[in-house]
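Overview (structure and organization)
The residues making up each chain are set out below.
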Amino acid sequence: MVRYLLSWGAPAERLFDIDIRFVAPIDIPRLLLPAWRPGRYLIQNYAANVRQWSAEDASGSNVRIWKDGTSSWRVDAPAGTEVTVRYRYFAGVLDAGSSFLDEDEAYVNGSNLFMLVDGLREEEHLLTIAAPADWRIETQLPRDDDGTFRARDYDHLIDSPAIAAATMTRHSFAESGARFHLIFRGDEGIDTEQYVDPVRTIARTQAELFDGLPFSEYRFLYHVRERWHGVEHEDSCSILLRRSALLGAAPGDEGYDHMLSISSHELFHAWNVKRIKPARFSPYDYWNETPTRLLWAMEGLTSYYGDLTLLRGGLWTVDRYLRHLGMEIQMLESLPARLHLSLAQASFDGWLSDPAQMHDHANAWFSFYNKGEIVSALLDLTIRRATDGERSLDDVVRLFWQEHGSGSGLEEDAVERTVARVADVGDFFARYVEGTEALPYEE
C-alpha cells in the first residue's frame, strides 16, 4: 500500500506539498514522475515543476534522496524500510490536464503530481487531500468514511482528477443505470441547469450504441474559463468551457452547441481510449514516447461519434450536423500536409506535433482529430454502401467493445481487420489511412 498526502500552506505561492509513505520494495528504491499524460501525446516534462525534495525513515531521521534522471529519484533506503518522501510542486496553470492552486481552489491531476514508487504500481494507493474543512472534493475515486480516497493501483490514482473548493455548482441525474454529476466551477452568471437534459440525452444515446454504460457513476468536471479543452478519464472527464461563449447561450448558439459537443466527445472516450485502447498503451509507459498509428481511431473516431450522438439524440438537426462536418472538411482541405502526410503517419508522429517546436507546422501537419473524424464518417458511409445498409461503423465499434473493452489492447492493424469482418471496403485503408489520396467526398 502506498499513501499520499496532498496539502498546501500559502496558496498564493501555487505550491502543493506532497508526502508519499511506503515500504521500500527493493534496496535504494526509485520514484518516477510521469513525463506525459494520456490524452496529450507529447512529452510534458512535469518534473520541471518539482522542487525541495527530501526523505525520512519511520523514526523521522533524514534519508538521502537524489535525482538520477530527468523524471526519477533514488532513496538511500534498504528493502523493507518505511520511507516518507516529500516534495513541492508548482501548480500555476489551469487547463483540463494540469494541476492548479489558488486561494479558492485546489485542482488535482495526479499524472502531473504523484510520483510512482517503482515496483509498487499494482498496489492499492490511498490519497488524502488536506483541504479546508468547509471545502468539498469532487473526484471519481471512492472515498472512505475518514475522507481517504482509494485507488486500486497507481494508474487509477493518476487517472482520477479532483476539484477541491468551497463553492461548486452540482447537477445530478440518473440515466441507463448510472448516476451522473455535472460539476461547475466559475459558472457565475451562466445557466448551467439548461445542460442537464441534453447531457442526459447524450448519455442515453451512447449507452444505446453499446447496450449499456461501463460505469455506475460518472462526473463531468467543468471549469468556466476562457478556452475550450477536454481530457477523458475512466469514470469522469475534465473540461474547460469558454465563458464568453456561454454567457447568455441558448440552444442553437455556437457556445451551447460546442459545450454539448465537447461533453459528448469526452463521454464517448469512456469506451474508446479509456477501455478500448492501443496495445501499445497496455500498460502505459508514462516516461517515454509511445507512438501508435491508431491515434486517429482513438481521437478522430471519437470526434465522429461525439457529434453523431448529438444528431442521433435530436440535439442537432441534420443541417446543423452537416454544417459542422462541412467546416471540418474545409479545415482539412486548406492544409497542404494532406497531400504528403498519411493519417496513420500523422497519428504515429503525434509526439512531434508541438507547434512551438516545429519550423513549418502550417505546411507539415494536420490534426488526426480533424482528418480522423472525416475518414471515420467516410468509412461509415462506405460500410453502409457495401452492405446495402445492413451494417455500419456501429458494428465495428461494438466489436471493439466486446473483444477489447476488458483491457486487451488493439494491435496496430486491428481497425482494418475488424472492419473487414463487417464489410468489404476494398482498398479504403490503403488509400485514405495509410495513403495520401484525396478523400472521396463525391463517391
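The structure this text deals with has already been given above.
Anyway, here's the lowdown on the structure attached to this text. (Residues numbered from 1 in each chain as written. Predicted model: local features only at pLDDT ≥ 70, side-chain atom pairs only at ≥ 80, totals over all residues. Heavy atoms only, no water.)

**What to know about helix H11 (residues 393-404)**
One full turn of an α-helix is made of 3.6 residues, so residues set three or four places apart face in the same direction. The line we're drawing: Comment: elements are numbered from the N terminus, with helices defined as DSSP H or I runs of at least four residues and strands as E runs of at least two. The length a helix should cover is 1.5 Å for every residue beyond the first. For every residue, the accessible area (1.4 Å probe, protein chains only) is compared with the maximum for its type, and the residue is labelled buried under 20%, exposed over 50%, or partly exposed between those bounds. Here, residues are in contact when the closest pair of their heavy atoms is within 4.5 Å. Distance and chemistry together define a polar contact, namely a pair of N or O atoms within 3.5 Å, with one atom able to donate a hydrogen and the other to accept it when in protein, and with adjacent residues in sequence counting only for side-chain atoms on both sides.
In a regular helix each residue adds 1.5 Å, so 12 residues correspond to 16 Å; H11 covers 16 Å between its end C-alpha atoms and thus fits that length. If you check which residues of H11 are buried, you get Leu393, Asp394, Asp395, Val396, Val397, Leu399, Phe400 and His404. The inward-facing, buried residues of H11 contact helix H3 (196-210), helix H6 (295-312), helix H10 (368-386) and helix H12 (414-422). Put simply, Ser392 is the residue that caps the front of H11, since its side-chain oxygen is 3.1 Å from the backbone nitrogen of Asp394.

**What about the packing of helix H7 (residues 318-333) against H10?**
The following threshold applies: With axes taken as lines fitted to C-alpha atoms, and helix axes fitted only over the stretch in contact, angles between N-to-C directions fall between 0 and 180 degrees. By the definition adopted for this analysis, an angle is roughly parallel if under 35 degrees, roughly antiparallel if over 145, roughly perpendicular if from 65 to 115, and oblique otherwise. Crossings are classed by handedness, with left-handed meaning an anticlockwise turn of the near helix from the far one by less than a right angle and right-handed meaning a clockwise turn. Note that Gly is not counted as nonpolar here; it falls among the polar residues with everything else outside the nonpolar set of Ala, Val, Leu, Ile, Met, Phe, Trp, Tyr, Cys and Pro and the charged set of Asp, Glu, Lys and Arg.
Look at H7 against H10: their axes get within 9 Å of each other, and the N-to-C directions meet at 125°. Of the possible angle classes, the one that applies to H7 and H10 is oblique. Seen from above, H7 lies across H10 with left-handed handedness. Every residue of H10 that contacts H7 at His324, Leu325, Glu328, Ile329, Met331 and Leu332 is listed here: Asn370, Lys371, Glu373, Ile374 and Ala377. Class assignment for the residues of the contact of H7 with H10 results in six nonpolar, two polar and three charged.

**Quick word on the pairing of strand E2 (residues 15-23)**
Regular strands show a simple pattern: their side chains alternate between the two faces of the sheet. Stated precisely, the cut-off is as follows: At least two DSSP bridges between two strands are needed for those strands to be called paired.
In terms of burial, E2 is largely enclosed, as seven of its nine residues are buried. The pairing of strand E1 (residues 2-7) with E2 spans five bridges and is antiparallel. Paired with Tyr4 across the bridge in E2 is Ile20. Of the pairings in the sheet, the one linking E2 to strand E7 (residues 82-90) comprises nine bridges and is antiparallel in character. For Leu15, the partnering residue across the bridge sits in E7 and is Phe90.

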